[in-house]
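The chain contents come next:
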Amino acid sequence: MKRALITGSSSGIGYAYAKYLSERGWYIDLVSQNIDRAEEAYKTLNYEHSKIHIHDLSSLDSITEITSNISTPDLVVANAGIGINGAAGRNINEDIEFANNLMFAGPIKLIEYYLPRMIEKKSGRVVIISSIGALIPMPKSAIYAAVKSGIYAYGRSLNEEIVEKNVSVTVSLPGYVKTNIHKRSGLAHLEKQIASWMWVTPQQVIEETESASIKGLSEVIPGRLYRLTSIFFNFKVTKMLWKFLNSRNKK
Ligand SMILES: NC(=O)c1ccc[n+]([C@@H]2O[C@H](COP(=O)([O-])OP(=O)(O)OC[C@H]3O[C@@H](n4cnc5c(N)ncnc54)[C@H](OP(=O)(O)O)[C@@H]3O)[C@@H](O)[C@H]2O)c1
């Protein structure tokens, strides 16, 4: 039985990933922080070949706890994350450290532990859920964009380095996905504000990400619309349009 470790498995993209793998007979280690949400998701998943692990991934010590309890999986999905909002010059140290640990340094520490073991086994895959925000400016979410860009740069560099060792690292760069993230980040207004054609489903993210990962690709942008428009992301008009469509009303 193939084994996967998914961070942020209690909801959204991580939960959909767990469901996808459960339907394909994988054993899954499910990592998230809130016990009630984890148990609720576990009940809904209703899959005996899985185990919940409760860790607050905003602390780097949690990674040491995970790696000392979970042996090297066949697939690591570094997914856990939350939106971080803050206008220029108003980003407080606590948010900076939190975002860094949860979505940049923590995933790196996790991957740096398992990767050499995958290379030794000559088999394994790593998937990093970054964001389209790694490719296009995100006004009032600069810290989020920064950690997502950083982890993107890390993952795609790694893949070039190791792909010939039968181990792959694939960075997924989703645009808007209907999950709990917007409500949890104080951006619930975006659920109404963002046009319906701009949303990608969690299932689509997983199918396209898994397909890219199995092919050993460094990166994937789920959704044809985002993929096609990404070539224009550096154009001034695209940035202006994106800023208009995404306007944040917090802080
Ligand atoms: N949805 C989008 O539009 C979108 C777009 C691009 C990228 N992404 C990325 O996709 C990833 C998944 O987000 P989602 O949209 O699926 O959001 P979500 O539905 O809110 O799920 C987030 C998951 O991350 C976990 N998590 C959050 N903080 C944690 C912490 N401190 N320790 C452990 N686990 C923690 C949550 O667990 P608890 O319930 O225990 O807190 C939950 O399982 C994130 O990295 C996000 O940046 C999302």
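Described below are features of the structure shown in this document. (Residues numbered from 1 in each chain as written. Predicted model: local features only at pLDDT ≥ 70, side-chain atom pairs only at ≥ 80, totals over all residues. Heavy atoms only, no water.)

## Description of the site of the ligand
As a reminder of what qualifies: Here a residue is considered near a molecule or strand provided that any single heavy atom belonging to it is located within 4 Å of it. Throughout this description, a polar contact denotes any pair of N or O atoms lying within 3.5 Å of each other; where both atoms belong to protein, one of them has to be capable of donating a hydrogen while the other can accept it, and for residues adjacent in sequence the pair is counted only when both atoms sit in side chains. Note on areas: these come from Shrake-Rupley sampling with a 1.4 Å probe, and a residue is covered only by the protein chains present in the view. Each helix is a run of H or I in the DSSP string that is no shorter than four residues. Each strand is a run of E no shorter than two, and both are numbered from the N terminus.
For the ligand, the set of nearby residues contains 32 residues, the closest of which are Ser11, Arg37, Asn79, Tyr144 and Thr179. The separation between an oxygen atom of the ligand and a polar side-chain atom of Ser10 is 2.7 Å. The contact in question runs from an oxygen atom of the ligand to an N or O atom on the side chain of Arg37, over 2.6 Å. Calculation on the ligand without its partners gives an accessible area of 890 Å², and the protein chains cover 98% of this total. Elements with a minimum of two residues in the shell around the ligand: helix 1 (12–22), helix 5 (142–162), strand 7 (176–177) and helix 6 (181–184).

## Structural notes on the sheet that holds strand 2 (residues 27–32)
Here is the rule we go by: Pairing between two strands is assigned when DSSP locates at least 2 bridges connecting them.
Read from one edge of the open sheet, seven strands run 3-2-1-4-5-6-9, paired in parallel fashion. Pairing within the sheet leaves two strands with one partner each, and these edge strands are strand 3 (50–54) and strand 9 (219–220).

## What about the packing of aromatic side chains?
Formally: Working definition: rings of Phe, Tyr and Trp (its six-membered ring) pair if their centres are within 6.5 Å, and the pair is stacked with planes under 30 degrees apart, edge-to-face with planes over 60 apart, and tilted otherwise. For every residue, the accessible area obtained with a 1.4 Å probe (protein chains only) is divided by the maximum for its type, and the residue is called buried under 20%, exposed over 50%, and partly exposed between those limits. In this analysis the charged atom, NZ for Lys or CZ for Arg, is taken to sit over a ring once it is within 6 Å of the ring centre and within 35 degrees of the ring normal.
Using the criterion set out here, one finds four aromatic pairs in the structure. Taken together, a centroid distance of 5.1 Å and an interplanar angle of 85° make the contact between Tyr113 and Tyr114 edge-to-face. Its relative accessible area of 1% is what places Tyr114 among the buried residues. Taking 6.0 Å as the distance between ring centres and 40° as the angle between the ring planes, the aromatic pair formed by Tyr176 and Trp242 counts as tilted. Taken as a pair, Tyr176 in strand 7 and Trp242 in helix 10 (residues 236–245) lie far apart in primary sequence, 66 residues in all. As far as burial versus exposure is concerned, Tyr176 and Trp242 are alike and both buried. Members of the aromatic cluster, connected to one another through ring pairs, are Tyr176, Trp199 and Trp242. Looking at Arg24, its charged tip hangs above the ring of Tyr20, at a distance of 3.6 Å from the centre. The residue whose ring lies beneath Lys178 is Trp199, and the NZ or CZ to ring-centre distance is 4.6 Å.

## Observations concerning the pairing of strand 4 (residues 75–78)
The cut-off we apply is this: With strands facing away from the observer, any crossover in which the path from the first strand over the helix to the second runs clockwise is taken as right-handed.
Across the two faces of strand 4 the burial is the same, with Leu75 and Val77 and Val76 and Ala78 all buried. Bridging between strand 1 (residues 3–7) and strand 4 involves three bridges; their strand directions are parallel. Pairing of Ala4 across the sheet is with Leu75, part of strand 4. Sheet topology note: the strand 4/strand 5 (residues 124–129) ladder contains four bridges and is parallel. Counted as the bridge partner of Leu75 is Arg125 from strand 5. For the segment spanning strand 4, helix 4 (residues 93–121) and strand 5, crossover handedness is right-handed.

By themselves, these figures tell us nothing about what the structure is for.
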